[in-house]
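So the chains spell out like this:
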Amino acid sequence: MEPSAVETSALGRRYGRRWALARVNLQVARGERLLIAGANGSGKSTLLRVLASLLAPSIGSARVFGHDVATEPSAVRARVALLTYTPGVYEDLSARENLRAQLRLLGRDDAPEALLERVGLELRDDPVRGYSAGMRKRLSFARLLMQRPDLALLDEPYGQLDPEGFKMVDGLVAELSQAGATVIMASHMVERAGALCDRGVLIDQGQVRWEGPGPQTARAWDAAHGGGR
Amino acid sequence: MKWENWVGLLGLALISVGHYQGLFVAPPEAMMGDVGRILYAHVPTAWVALVVYLVAFVAAVGSLGSGKRGWDALVESAVEVGVVLNLLLLFQGAVWAKPTWGVFWTWDPRLTTTAIMAVSFIGVLVLRAMLNRPAQRAVASAVYTIFAFVSVPVVYFSVKWWKTLHQPFSSPETVDSPMVTPLRVAAFGMLFLAVFLMARRWRLAYAKLSREDEAPDLPPAAAAIRLEGGGA
Amino acid sequence: MIPTRPGLVRQIVAVIHKDLLVEWRGQARLLAMGTYAVTLLLLFSFAVGPDTKTLQQHAAGYVWLALLSASTMTLTQSFRVETEAGALEALLMLPVDHRAIYFGKALANTALLVVLACLVMPVAAVLFDLSAAEGLYWLLPPIVLGAAGLAGPGTLYAALTARVAAQQLMLPLLLFPLIVPALVAAVKSTSLVLQGDPMGQMSSWLIVLASFDLIFWSLSGLLFAKVVEE
């Protein structure tokens, strides 16, 4: 049997004396779209970073496509891409130069223009330093698509984007999914993201409080936070 | 009583015996006269300082390899004891250099290396003080300790070629035989004392690191949310 | 689907290319470093006095001290561009060999210092009335090996101190004691080119420099992965 895309068991992570994640048992099938909902500081980003092998678990274990994130990080990273609030680029280079530099590191020489077009960035040669937050987000998406991940971890994919951008994200998630990738996203837009996902998970103070069909995530949120969203 | 206290007492006793012999029993040094008697303090300090830095180096390799707190605590304690001995060594060197060479300081390779060694290892202590994340601090100080240790011979030889004036290395063979015994006794005394200091300092460092990075209990399991009318 | 990865050398080349491109785009910084180094040369002259003979004798030392000071800035900078928008983390997330990141960055930093030296050297030649009997291009071996001596351990230390608040202070504090041998050998060999080498000591000093580079480049390459992952 092929291992699941993600499998965590009793996973916990602490920063100093504070547990940011605890008792997380999560299983994500290949090709599944999972929404992780939760308030600020609930542990969503920590979970994504642990799955990306950037943070080691303090307790328990996490496996991505059967590879342990703590002991086989390079096997994990070969198949995972992470979208975070930092664009992960060089401020002095243009969008195109940034992508081209990273493509070269991957030993590929495909043109970055198609990627930039896909995320709705104009082909300009000015440095990223002058980009707006929304443009940076789009560039992050281009970087993620470039990696052709088997598992896409999206931390706040809708953040900083305009309604046009929301639609683009929906389209990109569908596209990734179509290509066979597993998608895990952490988002506050529970209604929109929930409708897009097969399954939803609600995290509260580092622990999973609810698991169910994606579209019901908004109701779970209301139940947990008294409707304030 | 903890084992290291016995070692420390033994060290004190040996140092006293060695220095008594060195000061009152052994004949004055042929070239330098009574001034030369500082060698019973100076040479053991130099040897033991290097041994302690070697311990720090081994601990750093262990800390990088295993990530265990005990090794990190040993890096902290050995570097600290090493720096104390190192500064002592510089002070003794200056005290000896003044009547012998007429100056407190010359650009002799061993003297220069000793000074650079002190600055390097003080750097480890400063670095440790500046980093608060335990894992990051352990890695950074281990890496830097390894570099500082490896650089000691490199610095020594480069400075030696740069400029040379010093006596050949003092070892029991080149020193007159009536001086050998007190020198050895004092050296072992110094070594035991250093072991005592390192052990005490290690216990302190280990306790501090453990408390700082103590894993708190997991929070109690949170209640699951149930949605009315179906759901999960 | 796991794409075939490029070999270590191609990855290193890609990192060098990227680093130099970033440096090239930030031309103002490079210019500032050069100006800074030249200003230091002037200050050394003022500190010593206008005696051409003395200045000539110590010119190699001044040039290397100026380069050393400027190098702490280029090194700090080379990690600031990595951390300001999370680029290093993105780089780590790519299936790229950590050694490629280290050697690529260290080589790029070496190249940068060589360029800086090539800017500073002619100015020093004019200021201190320097000439080399065998031709100034003999300065290249000491400059390249010396720059590598600063950049090799310097790149690792810049990574080590990248998350320390007082990096501008910590980097020189840690780096300077370590690179004393490289400094001694670089100054000596540069001086031999400028002052003449009647005893034929040049090759020994270059060997000292090369051995220093070999030891600390290998050690840094070995330990870099540990440093960036924490």
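Okay, so let's go over this structure. Predicted model, so just to flag it, every value in this text is computed and none were measured.

**Some details on the sheet that holds strand β8 (residues 182-186) of chain A**
All names here are of chain A. Ordered by their spatial adjacency, six strands build an open sheet running β6-β7-β8-β3-β9-β10, and the pairing between neighbours is mixed. In this open sheet, the two strands that pair with only one neighbour each are β6 (80-83) and β10 (207-213). Looking at each pair of strands side by side, their axes are set apart by 15° on average, direction ignored. The sheet contact formed by strand β9 (residues 199-204) and β10 spans six bridges and is antiparallel. Counted as the bridge partner of Val201 is Glu211 from β10.

**With respect to the environment of Pro215(A)**
Residue and element names in this part refer to chain A. Looking at the element boundaries, Pro215 is found in the loop between β10 and α8 (217-225). Separated by 19 residues in sequence, Pro215 and Leu196 have C-alpha atoms that sit 7.6 Å apart. Beyond its immediate chain neighbours, meaning those up to four positions away, Pro215 contacts Gly194, Ala195 and Cys197.

**Topic: the interface of chain A and chain C**
On the chain C side, the residues contacting the 31 residues of chain A number 31 residues. Taken over both partners, the interface formed by chain A and chain C buries close to 2,800 Å², and the fraction arising from carbon and sulfur atoms is 60%. At the junction of chain A and chain C, the tally comes to five salt bridges. For the pair chain A and chain C, the interface holds 11 residue pairs in polar contact (both at pLDDT 80 or more). Every element with two or more residues in the side of chain A that touches chain C is listed here: α2 (73-77), β6, α3 (95-105) and α5 (133-146) of chain A. Per element, the largest residue contribution to the side of chain A that touches chain C is five residues, and it comes from α3(A). Residue composition of the side of chain A that touches chain C, grouped by class: 13 nonpolar, seven polar and 11 charged.

**Remarks on the environment of Gly214(A)**
Its location among the elements puts Gly214(A) in the loop between β10 and α8. Sequence separation of Gly214(A) and Gly200(A) is 14 residues, and the distance between their C-alpha atoms is 4.3 Å.

**Things to note about the packing of helix α3 (residues 69-101) of chain B against helix α4 (residues 109-130) of chain B**
All names here are of chain B. Between α3 and α4, the shortest axis-to-axis distance is 9 Å and the interhelical angle comes to 145°. For the pair α3 and α4, the crossing hand works out as left-handed. Counted together, Asp72, Val75, Glu76, Val79, Glu80, Val83, Asn86, Leu87, Leu89 and Leu90 of α3 and Leu111, Thr114, Ala115, Met117, Ala118, Phe121, Ile122, Val124, Leu125 and Arg128 of α4 form the full contact between these two elements.

**Topic: helix α6 (residues 140-160) of chain C**
Residues and elements named next belong to chain C. End to end, α6 covers 30 Å across 21 residues, agreeing with the expected 30 Å (1.5 Å per residue, within 8%). Of all the bends found along α6, the most pronounced is centred on Gly154 and spans about 30°. Of all 21 residues in α6, 17 are buried, a share of seventy percent or more.

**Observations regarding the interface of chain B and chain C**
Listed by partner, the interface residues are 25 residues for chain B and 27 residues for chain C. Interface area for chain B against chain C, summed over the two sides, is near 2,400 Å², with a carbon-plus-sulfur share of 83%. Together, Met130(B), Tyr144(B) and Phe147(B) form the three largest contributors to the area buried by chain B at its contact with chain C, with a combined 24%. At the boundary of chain B with chain C, the tally comes to zero salt bridges. Between the two partners, chain B and chain C, sit two residue pairs in polar contact (both at pLDDT 80 or more). Counting only elements with at least two residues in the side of chain B that touches chain C, the list comes to α4 and α5 (134-162) of chain B. Broken down by element, the residue count for the side of chain B that touches chain C peaks at 15 residues, all from α5(B).

Reading the values: rules and limits
- Residues numbered from 1 in each chain as written.
- Chains lettered and ligands numbered in written order.
- Predicted model: local features only at pLDDT ≥ 70, side-chain atom pairs only at ≥ 80, totals over all residues.
- Heavy atoms only, no water.
- Pairing = 2+ DSSP bridges.
- Helix = DSSP H or I, 4+ residues; strand = E, 2+ residues; numbered from the N terminus.
- Axes fitted to C-alpha atoms, helices over the stretch in contact; angles between N-to-C directions.
- Contact = heavy atoms within 4.5 Å.
- Buried area = accessible area lost by both parts, 1.4 Å probe.
- Salt bridge = Lys/Arg side-chain N within 4 Å of Asp/Glu carboxyl O.
- Polar contact = N/O pair within 3.5 Å; in protein donor to acceptor, adjacent residues only side chain to side chain.
- Nonpolar A, V, L, I, M, F, W, Y, C, P; charged D, E, K, R; others polar.
- Left-handed = near helix turned anticlockwise from the far one by under 90°.
- Expected span 1.5 Å × (residues − 1).
- Bend = angle between axes of the 7 residues up to and from the residue.
- Buried < 20%, exposed > 50% of the residue type's maximum accessible area, 1.4 Å probe, protein only.

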